[in-house]
Amino acid sequence: SIHTARGQFNWTNADRAYNYAKEHGFPFKFHCLIWGSQYPSWIKNLSVSETYDVIVEWMDAVKAHYPDLELIDVVNEAICVNGKYHSPYEETKIIEALGGTGRTGYDWIIKAFHMARERWPNAKLIYNDYNTFTWQKNEFVDLVSSLVKQGAPIDAYGHQSHDLDDFYKSFQINNFGNTLKEIHNSITQKAGKELQCYITEYDISQGNESTYETIMENTFKPMWEADFVSGITIWGFVNGATWRENTGLVTSSGTDRSGMTWLKKYMASDAAKNA
């Protein structure tokens, strides 16, 4: 965690990723500014005004440390289903501190985007969430399009994409590209404006190598070739060193898994190069 105590920040691990990206010519995406999980426990004890003050302190500290961010996940996991948020925002006063749900239902998210734009006028500002291909597709479309309609300075939406194995189990995996496009078209139509799309946390939790390759081929390819998808971040690389089982591209001993074998072959193809 970057946030250690009020006004104190440990940038060590974030700097490792930032410096690696800069040294290798990769874009660096900051994840994230506002999230209802993985915050320091002392935040729970703050008043609404104190919570606002530490949000400002935090954003100012990130701005001072990373003034030239290109891509930022501004708000993460704020879909609300039956009164329950994707991340437990209700355990803190973050929502109230940013102005509450208000007239739009999303006033606090809109406020967060304006705060981010003030600090990073040139960054791509992203809303990020999960289960967006499967169980909360409609809620995701509504939230993102509402942000645009209400004037939030949002440039892109992010599909975490942890639900690709769920998609495989419950839908036709060879129809995935159509779902990806359908969501994009719905957001564009409802927002009255086209946003960029980022695949932000791509991982497939699958131990069966044949299934793993099938899911990857039927999801990565349409993502890479969609003209509205501006980037794919693979979320974890080595089995046993990721946040859940069997999502690595390589085994713990460094051997390419079936998906990685397919991915290398695909990325060398004309279809991938011309996308």
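Read on for a plain summary of the structure. (Residues numbered from 1 in each chain as written. Predicted model: local features only at pLDDT ≥ 70, side-chain atom pairs only at ≥ 80, totals over all residues. Heavy atoms only, no water.)

Along the chain, Y20 falls in helix 1 (residues 12-24). The exposure class of Y20 is partly exposed, given its relative accessible area of 46%. Along the backbone, Y20 and F171 are 151 residues apart, and their C-alpha atoms lie at a distance of 38 Å. (Helix = DSSP H or I, 4+ residues; strand = E, 2+ residues; numbered from the N terminus. Buried < 20%, exposed > 50% of the residue type's maximum accessible area, 1.4 Å probe, protein only.)

A word on the nonpolar core. Ranked by internal contacts, the top residues of the largest apolar core, which has 76 residues, are L33, I34, V75 and Y127. Ranked by residues supplied to this core, first place goes to helix 4 (residues 107-119) with seven residues. (Core = buried A, V, L, I, M, F, W, Y, C linked by side-chain atoms within 4.5 Å.)

Now for unusual backbone geometry. For residues besides glycine, phi is generally negative; the peptide bonds are generally trans as well. With an omega of -5°, the peptide bond running from H31 to C32 counts as cis. Within the secondary structure, C32 is located in strand 3 (residues 29-35). Look at Q38: it is not a glycine, yet its phi comes out positive at around 55°. Its location among the elements puts Q38 in the loop between strand 3 and helix 2 (48-65). The phi torsion at E77 lies on the positive side, around 60°, for a residue other than glycine. Topologically, E77 is positioned in the loop between strand 4 (71-76) and strand 5 (80-81).

The buried fraction of strand 9 (residues 196-202) is high, at six of seven residues. Bridging between strand 8 (residues 156-159) and strand 9 involves four bridges; their strand directions are parallel. Paired with G158 across the bridge in strand 9 is Y198. As paired elements, strand 9 and strand 10 (residues 229-234) share four bridges and run parallel to each other. Bridge assignment links Y202 to a residue of strand 10, and that residue is I234. (Pairing = 2+ DSSP bridges.)

Structurally, the position occupied by N128 is in strand 7 (residues 124-129). Sequence separation between N128 and A268 is 140 residues; the distance between their C-alpha atoms is 29 Å. Looking at N128, its side chain comes within polar contact range of the side chain of T200, at 2.6 Å. Polar contacts involving the side chain of N128 include one to the side chain of E201, which spans 3.0 Å. (Polar contact = N/O pair within 3.5 Å; in protein donor to acceptor, adjacent residues only side chain to side chain.)

Its 18 residues give helix 2 an end-to-end C-alpha distance of 26 Å, which sits within 8% of 26 Å, the value for a rise of 1.5 Å per residue. Along helix 2, the residues classified as buried are T51, V54, I55, W58, M59, A61 and V62. Buried residues of helix 2, viewed axially, fall in a sector of 160°; they line one side. Against the buried residues of helix 2 lie strand 1 (3-5), strand 2 (8-9), strand 3, helix 3 (94-97) and helix 4. (Expected span 1.5 Å × (residues − 1). Arc of directions from axis to C-beta. Contact = heavy atoms within 4.5 Å.)

Next up on the list: the environment of I79. Examined against the element boundaries, I79 turns out to sit in the loop between strand 4 and strand 5. Aside from chain neighbours lying at most four places away, what touches I79 is K84, Y85, H86, Y127, D129, Y130, T132, Q136, E139, F140 and L143.

Keep in mind these values describe shape, not function.
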